[in-house]
Amino acid sequence: QVQLVESGGGLVQPGGSLRLSCAASGGIFSLYTMDWYRQVPGKQRELVAAITSSGSTNYADSVKGRFTISRDNAKKVVYLQMNSLKPEDTAVYYCNAERELLPRLMYWGRGTQVTVSS
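Each value, and the rule that gives it
Here, residues in each chain are numbered from 1, in the same order as that chain's written sequence. The predicted nature of this model means local features are confined to residues of pLDDT at least 70 and side-chain atom pairs, given and counted, to a pLDDT of 80 or more, with totals for whole chains, interfaces and linings taken over all residues. Derived side-chain values reflect all non-hydrogen atoms in the structure, with water molecules and hydrogen atoms excluded from consideration. Here a helix means four or more residues in a row that DSSP labels H or I, a strand means two or more in a row labelled E, and each is numbered from the N terminus. When accessible area is computed with a 1.4 Å probe and restricted to protein chains, residues below 20% of their type maximum are described as buried, those above 50% as exposed, and intermediate ones as partly exposed. Any two residues whose heavy atoms approach within 4.5 Å at even a single point are treated as in contact. The accessible surface values rely on the Shrake-Rupley method and a 1.4 Å probe; as for residues, cover is taken only from the protein chains in view. His is not counted here, nor are the chain ends, while Lys and Arg score as positive and Asp and Glu score as negative. To locate a charge, take NZ of a lysine, CZ of an arginine, CG of an aspartate or CD of a glutamate. Ring pairs are drawn from Phe, Tyr and Trp, using the six-membered ring of Trp, whenever the two centres fall within 6.5 Å, and their geometry is named by plane angle: stacked under 30 degrees, edge-to-face over 60, tilted for the rest. Over a ring means this: the NZ of a Lys or the CZ of an Arg is within 6 Å of the ring centre and within 35 degrees of the ring normal. Under the rule applied, a polar contact is a pair of N or O atoms within 3.5 Å (in protein, one hydrogen donor and one hydrogen acceptor; residues adjacent in sequence only if both atoms are side-chain atoms).

## A word on the overall build of the protein
Within the protein one finds zero helices and 11 strands. For the protein, the α and β elements follow one another from N to C terminus as β-β-β-β-β-β-β-β-β-β-β. For the protein, with 118 residues in total, the buried portion stands at 41%. Long-range pairs, those at least 24 residues apart, make up 54% of the contacts in the protein with a sequence separation of at least 6. Of the roughly 6,300 Å² of accessible surface on the protein, 50% is carried by carbon and sulfur atoms. Each charge class in the protein was averaged separately, 13 positive and 9 negative side chains, and the resulting centres sit 3 Å apart.

This is how it looks when you write it as structure tokens:
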């Protein structure tokens, strides 16, 4: 069982920056692909960024060049550095862990609110 706790959300002005953190406990962190998703009311949860155990990354087109995902396996933490934030980035951001080996288990954090507004 993996527990995930997000932090770092808040209110920021357009053009500003935030860094989200997701601390993991339980399980073997290095075996998991770590993802950040976001969701706004009435819409489906969407994948924002992902990083595999080997460090390969993938980003949604809407955040490429502005967001950076990274991980620290020793600390069991995954980060999402968000720069040049836009009002449309406003959402609840969720951390997700996907086990890369069978069985393919997934775990979710409770989310952290990011609001981009002047």
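Moving on, there is more to tell.
## Focus on the packing of aromatic side chains
The final tally for this structure, using the stated rule, is three aromatic pairs. What links up through ring pairs into an aromatic cluster is the set Tyr37, Tyr94 and Trp108. Lying across the ring of Tyr94, Arg45 places its NZ or CZ 3.7 Å from the centre. Between Arg45 and the ring centre of Trp108, over which it is positioned, the NZ or CZ distance is 4.6 Å.

## Concerning the side chain of Thr112
As for its position among the elements, Thr112 is in strand β11 (residues 112–116). Owing to a relative accessible area of 11%, Thr112 belongs among the buried residues under this scheme. Among the polar contacts listed, one links the side chain of Thr112 to the backbone nitrogen of Gly9, at a separation of 3.3 Å. Ignoring sequence-local partners within four residues, the contact set of Thr112 consists of Glu6, Ser7, Gly8, Gly9, Leu20, Ala91, Val92 and Tyr93.

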